[in-house]
Structure formats: structure tokens, C-alpha cells
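Coordinate inspection notes
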Amino acid sequence: MLEKLLDLLKAQENLTIPMIASRIGTSPAMVEIMLEHLLQRGLLQVHIMVNCAQASCGSCGLSRGCHSNTIPESRYFTLK
């Protein structure tokens, strides 16, 4: 399952935990555990978006797929 997670993160950026869980067929809790493992190994970066100003989206590298304007706090995970 960790391989599925890594493949998904390679193929697509800006995924939230519920999105990842849905795509790899597991629970958000299991995704949290796998992400924590990858973060501890230094393989991931976490990006926390909190009510970003929509005016700055054009200059943000995470704007593709971002949901910060509809979700108060969104965490996105990308490979380093």
C-alpha cells in the first residue's frame, strides 16, 4: 500500500488525506500513518494552506488542485 501512495504522489500533487485515502482504497487514519512514516524518512514535504488570499493563487506553486478557498485548512503532501 505504501507503493500505491508513493506512485500517487509521483503522479499528482496537492492531494489531501481524504483524497489519497479514496484513491488508494484505505482509511484516512492509515494514510496519516503512512505519510508520517514518509515524513520521518525525509521523503515528503507537507504544505499547510490556511485561508489563502485568492489573489495570490497565480504566484503559488500549489495552486493546481488547491482547495484552500473551500476548506479552512488544507494540508498537501508532495515528494521531495
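Quantities reported herein were computed from a predicted structural model and do not represent experimental measurements.

1. Notes on the overall build of the protein chain
Counting its regular elements, the protein chain contains three helices and two strands. Of the regular secondary structure in the protein chain, the N- to C-terminal order runs α-α-α-β-β. Within the protein chain, buried positions represent 29% of all 80 residues. Once local pairs closer than 6 in sequence are excluded, the contacts in the protein chain between residues at least 24 apart make up 57%. Roughly 4,900 Å² of accessible area belongs to the protein chain as shown, and the carbon and sulfur atoms make up 54% of that amount.

2. Focus: the packing of helix α1 (residues 2–11) against helix α3 (residues 28–40)
Following both chains from N to C, one finds α1 and α3 inclined at 70°, their axes separated by 11 Å at the closest point. Taken as axis vectors, α1 and α3 run roughly perpendicular relative to one another. Only M34, L35, H37 and L38 of α3 make contact with α1, whose side of the interface consists of L2, L5, L6 and L9. Classifying every residue of the contact of α1 with α3 by side-chain character gives seven nonpolar, one polar and no charged.

3. As for the confidence of the model for the protein chain
Here the protein chain shows a mean pLDDT of 79. Residues at 70 or above account for 65%. Of all secondary-structure elements in the protein chain, the lowest mean pLDDT belongs to strand β2 (residues 73–79), at 74, while α3 reaches the highest, 94.

What counts as what
- Residues numbered from 1 in each chain as written.
- Predicted model: local features only at pLDDT ≥ 70, side-chain atom pairs only at ≥ 80, totals over all residues.
- Heavy atoms only, no water.
- Helix = DSSP H or I, 4+ residues; strand = E, 2+ residues; numbered from the N terminus.
- Buried < 20%, exposed > 50% of the residue type's maximum accessible area, 1.4 Å probe, protein only.
- Contact = heavy atoms within 4.5 Å.
- Areas by Shrake-Rupley, 256 points an atom, 1.4 Å probe, with all protein chains shown as cover.
- Axes fitted to C-alpha atoms, helices over the stretch in contact; angles between N-to-C directions.
- Parallel < 35°, antiparallel > 145°, perpendicular 65-115°, else oblique.
- Nonpolar A, V, L, I, M, F, W, Y, C, P; charged D, E, K, R; others polar.
- pLDDT = per-residue confidence, 0-100.

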